[in-house]
Structures are given as C-alpha cells and as structure tokens.
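Given next are the chains, with one letter for each unit.
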Amino acid sequence: MTGLGTRERLLSAAQDELIEGHGHLEMQAVARRARASVGLAYHHFGSKAGLIAAVVEAFYGQLDEAAFGGAKLPATSWSVREKARIGAYVAFHYDHPFAPLVIGPLSRAPEVLDVETAFTRRQLAGGARMLEAAQRDGIVSADIDPDLTIALMIGGIRQALIGALTGERRPDPARLTDDIWAFMAAALRLPAKAQIRSSRRSS
C-alpha cells in the first residue's frame, strides 16, 4: 500500500479483510492491515457499516470505469460496441477478487443496500436511454419497452454472473459473453447480422 493515502489504505485493507472473512470484518483488523489507528478508520467512515458500504461503492466506481461511463469501447457499430460492453462487464467480474462477494452475500447486507440501489438505478436509467437512442436510430425495434427490457436484461446478466462466479467451474468468459449477447440480441429483436459471435467460437 506504499504511496496510498490513509483512506485508500483503509479501503484496500477492508476489501482484503472482507474477502478473507467471506463478507465479515472487524475494524481493529482493518486498521492493523492498513497500518492506521482505529480512530482514523472511524473518522473516515463513521462505522463498520459505513466502511463496508464505501468498499462496495469503490468497486462499483471501478466497474463504471471498466464497462460504462468511463469505458473505451469500439465504435464500428452499435452491436459491436454493446457486445464489447458485455465482454468488459464479464471480464471485470472475472478478474476482480471482490466480485463474488459483491454480487452474492454482500448484495443482501443492509449496510450496502443504498449503494446497490443507487448503482442499479443508474444502470437502469442509462440503459433505458441507450435503448431509446437505438430505437430512434432504427437499430432496436420500436415495439419494445426500454424500461422493462433493460430491467429484464440487467437482472438476467446479474443472475448469469452469480451462477458463473459461484459455481464449481467458471464458464469460459468469451462463451459467457456470447451467450449473454445472444440473449440480449433476441430480447432487442436485432437482425441476424447484428447477432455477432466471438472470433474464438466462429473460427
């Protein structure tokens, strides 16, 4: 943690403690790992619940950078870009050691409920706007309800990831991306030419 400020050290230490403790932590242990006082931990986060919520919020900030607002995605076509977004979303969860806890046990914890709710609302609102724009451009069928469709897609992707991350064997991420995209393409009634497959599977 060399070079990190106190708050960042505490967040990193808390994440590690949560992973090792399968969703549980103690402020004393976090402070020891971060080489800071317990008083500083309470000063920055107010309580253990506040610290856990901050760790989850930081995780979602990183996810947003990887797959949403801050993502650098290909712009060759709408379908290519949105499938790449799914690929980035899957890769982030596969690569991040905290992901199984966030989408699993911690998602039901009272201390992170507000963080979960806020992130989900942002996803739903942003996704609905994206679908509305695609409808105006004639890419997505005008017959679908953007709000209902994005809610079904986000819920389905989340359940797919829970299964992938908590199962005995993780499916290949490219295959999982293909399967999720096929589900989305069908839900959006995209033409067959837009239902792109990964190069790994088509070769």
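In the block above lies the structure referred to throughout.
Remember, predicted model here, so these are calculated numbers, not experimental data. (Residues numbered from 1 in each chain as written. Predicted model: local features only at pLDDT ≥ 70, side-chain atom pairs only at ≥ 80, totals over all residues. Heavy atoms only, no water.)

### A word on the nonpolar core
Ranked by size, the top nonpolar core spans 59 residues in total, and within it Trp78 and Phe98 carry the most contacts. The element contributing the most residues to this core is helix α4 (residues 48–67), with 10 residues. If near-sequence neighbours (up to four positions away) are discounted, Trp78 is found in contact with Met130, Leu131, Ala134, Ile139, Val140, Trp181, Leu188 and Leu190. (Core = buried A, V, L, I, M, F, W, Y, C linked by side-chain atoms within 4.5 Å. Buried < 20%, exposed > 50% of the residue type's maximum accessible area, 1.4 Å probe, protein only. Helix = DSSP H or I, 4+ residues; strand = E, 2+ residues; numbered from the N terminus. Contact = heavy atoms within 4.5 Å.)

### Things to note about unusual backbone geometry
Phi is positive for His22, close to 55°, though the residue is something other than glycine. Position of His22 relative to the elements: it lies in the loop between α1 (6–20) and α2 (27–34). Using a relative accessible area of 64% as the deciding quantity, one classes His22 as exposed. Within the chain, Arg189 stands out as a residue other than glycine whose phi angle is a positive 60°. Structurally, the position occupied by Arg189 is in the loop between α9 (173–187) and α10 (199–202).

### Comments concerning the packing of aromatic side chains
Here the structure, examined in full by the defined rule, presents 6 aromatic pairs. Here the aromatic rings of Phe59 and Phe98 are separated by 6.0 Å at their centres, their planes lie at 75°, and the arrangement is edge-to-face. With Phe59 in helix α4 and Phe98 in the loop between α5 (78–95) and α6 (99–103), this pair connects stretches of sequence that are 39 residues apart. The same class applies to Phe59 and to Phe98, which are both buried. Between Phe68 and Phe119 the ring centres are 6.4 Å apart and the planes differ by 75°, which places this aromatic pair in the edge-to-face class. On the criterion of sequence distance, the pair formed by Phe68 in the loop between α4 and α5 and Phe119 in helix α7 (residues 113–136) is long-range, its members being 51 residues apart. Of the residues examined, Phe119 reaches a relative accessible area of 5% and is grouped as buried. Connected via pairs of aromatic rings, a cluster forms that spans Phe59, Tyr60, Phe68, Tyr89, Phe92, Phe98 and Phe119. (Phe/Tyr/Trp six-rings, centres within 6.5 Å; stacked < 30°, edge-to-face > 60°.)

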